[in-house]
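Observations on the model geometry
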Amino acid sequence: MVLENRVDVQADVPLAPLTTMRVGGRASRFVEVSDDAQFVATVADADAQDLPVLLIAGGSNLVIGDNGFAGLTVHVRTRGIEITPHGDDVLVRVAAGETWDRLVAQLVADGYSGIETLSGIPGSVGATPVQNVGAYGNEVAEVIASVEVYDRTTGEYETISADQCGFGYRGSIFKANPNRWLILAVTLRLTERSESVAIKYAELAKALGIAPGDTTKPIQVRRAVLDVRRRKGMVLDVDDYDCWSAGSFFTNPIVDAEFAQGLTPGMPVWPTDDGSVKLSAAWLIEHAGFGRGWAIAPGANASLSTKHTLALTNRGRASTRDILDLARIIIDGVHREFGVTLHPEPTLINCAV
């Protein structure tokens, strides 16, 4: 393979260590990029040769098949943070390869408010608009001002405003068109203030000792979020197999209002703006008979987290097939019990449930 920008292309590189679940095969061709020009040139060269491209940055929302990836895997390692005053707010332009939680920690420590409830989420900044990541009542869409991209279909650089991103629950135009844009940078609009965003999530408000809807100091919110996430195995810890996961493996199902009327009494539901109803995937899993730590067999290589039923975990030696076999059994069990189909949240590469 010839790449015009002369990047160092490696062969037969293991991909599992680059993901938080630590499963998956090997990359037939692998390259790291450290700046936007190199990133764009590398992918453009591969596109010109009709070579499939897999992008990896934080690897936190990714499940790669045991056969690996036969095209070119591009590891995005771009860096850079720029803060610019913008009226009463600040605009924070962040390179796609920056680590999301490291950014949150820095901005909260510097006195900025707006993303403190999104603390502890693993992965890169460039991945956040793809999934419209969210937690504890907030989504990144609420603070994104724009996304800088390279359009692989036109060869043009663009800046896409937040209202053009098509943000929805765990979705965006970037997720709907996964091979069109390279996300180069994300610009956030934050506020410099001593008060946090309003705490909407009851569990987090309780942990903070405040009422839902109240505010407190952003640093206190970050600490509480990290504590709550840590108890659920949702903060990365290499020594804790409950953290060897892709985070929440299933999205919360959304059903129409008519279907919701026939749901089990006591099932937690949340009405949405369009009249549909969001359900708790974790509740469905547990009440279908899959409790914390559930596995297909004792000592299995994959199991539900012992801390949270929404995380499928690698107990140290799991293959992708182990993870997906577990996922299929849970999907079937939930559908059989409640008539609701769960859908995976991570991006599945060369594999499927």
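As shown above, the structure is provided for reference.
In this report, the structure presented in the accompanying data block is examined. Bear in mind that the values here come from a model prediction, so they are computed numbers and not experimental data. (Residues numbered from 1 in each chain as written. Predicted model: local features only at pLDDT ≥ 70, side-chain atom pairs only at ≥ 80, totals over all residues. Heavy atoms only, no water.)

1. As for the pattern of salt bridges
The full count for this structure, using the stated rule, is 17 salt bridges. Between Glu 148 and Arg 93 there is a salt bridge whose closest N-O contact spans 2.7 Å. Remark: Arg 93 occurs in strand 7 (residues 89–95) and Glu 148 occurs in strand 11 (residues 144–151); sequence separation between them is 55 residues. Between Lys 200 and Glu 142 there is a salt bridge, and its shortest N-O distance comes to 4.0 Å. Here Lys 200 is found in the loop between strand 13 (181–192) and helix 5 (202–208), whereas its partner Glu 142 is found in the loop between strand 10 (138–139) and strand 11, with 58 residues between them in sequence. Assessed through its relative accessible area of 44%, Glu 142 is described here as partly exposed. (Salt bridge = Lys/Arg side-chain N within 4 Å of Asp/Glu carboxyl O. Helix = DSSP H or I, 4+ residues; strand = E, 2+ residues; numbered from the N terminus. Buried < 20%, exposed > 50% of the residue type's maximum accessible area, 1.4 Å probe, protein only.)

2. Regarding the environment of Gly 126
The residue Gly 126 is located in the loop between strand 8 (112–113) and helix 3 (128–131) in this model. Among the residues examined, Gly 126 registers a relative accessible area of 10% and is labelled buried. Expressed as a C-alpha distance, the spacing of Gly 126 and Gly 68, which sit 58 residues apart in the sequence, is 23 Å. Once residues within four sequence positions are removed from consideration, Gly 126 is found in contact with Ala 96, Ile 183 and Val 186. (Contact = heavy atoms within 4.5 Å.)

3. Observations regarding the side chain of Ser 124
Relative to the elements of secondary structure, Ser 124 occurs in the loop between strand 8 and helix 3. The exposure class of Ser 124 is buried, given its relative accessible area of 6%. Contact partners of Ser 124, with chain neighbours within four places excluded, come to Ala 57, Gly 58, Ala 96, Glu 98 and Trp 100.

4. A word on unusual backbone geometry
For Arg 22, which is not glycine, the phi dihedral falls at a positive 60 degrees. Mapped onto the fold, Arg 22 is located in the loop between strand 1 (10–14) and strand 2 (26–33). The backbone phi angle of Arg 170 is positive, close to 50 degrees, even though this residue is not glycine. With respect to the secondary-structure elements, Arg 170 resides in the loop between strand 12 (156–161) and helix 4 (173–176).

5. Quick notes on helix 9 (residues 320–338)
An ideal rise of 1.5 Å per residue puts 27 Å on 19 residues; helix 9 measures up with 27 Å between its terminal C-alpha atoms. What helix 9 keeps buried is the set Thr 320, Ile 323, Leu 324, Leu 326, Ala 327, Ile 330, Ile 331, Gly 333, Val 334 and Phe 338. For helix 9, the elements touching its buried residues are strand 4 (62–64), helix 7 (257–260), helix 8 (281–287), strand 17 (302–304) and strand 18 (312–314). (Expected span 1.5 Å × (residues − 1).)

These results come straight from atomic positions and should not be treated as a statement about function.
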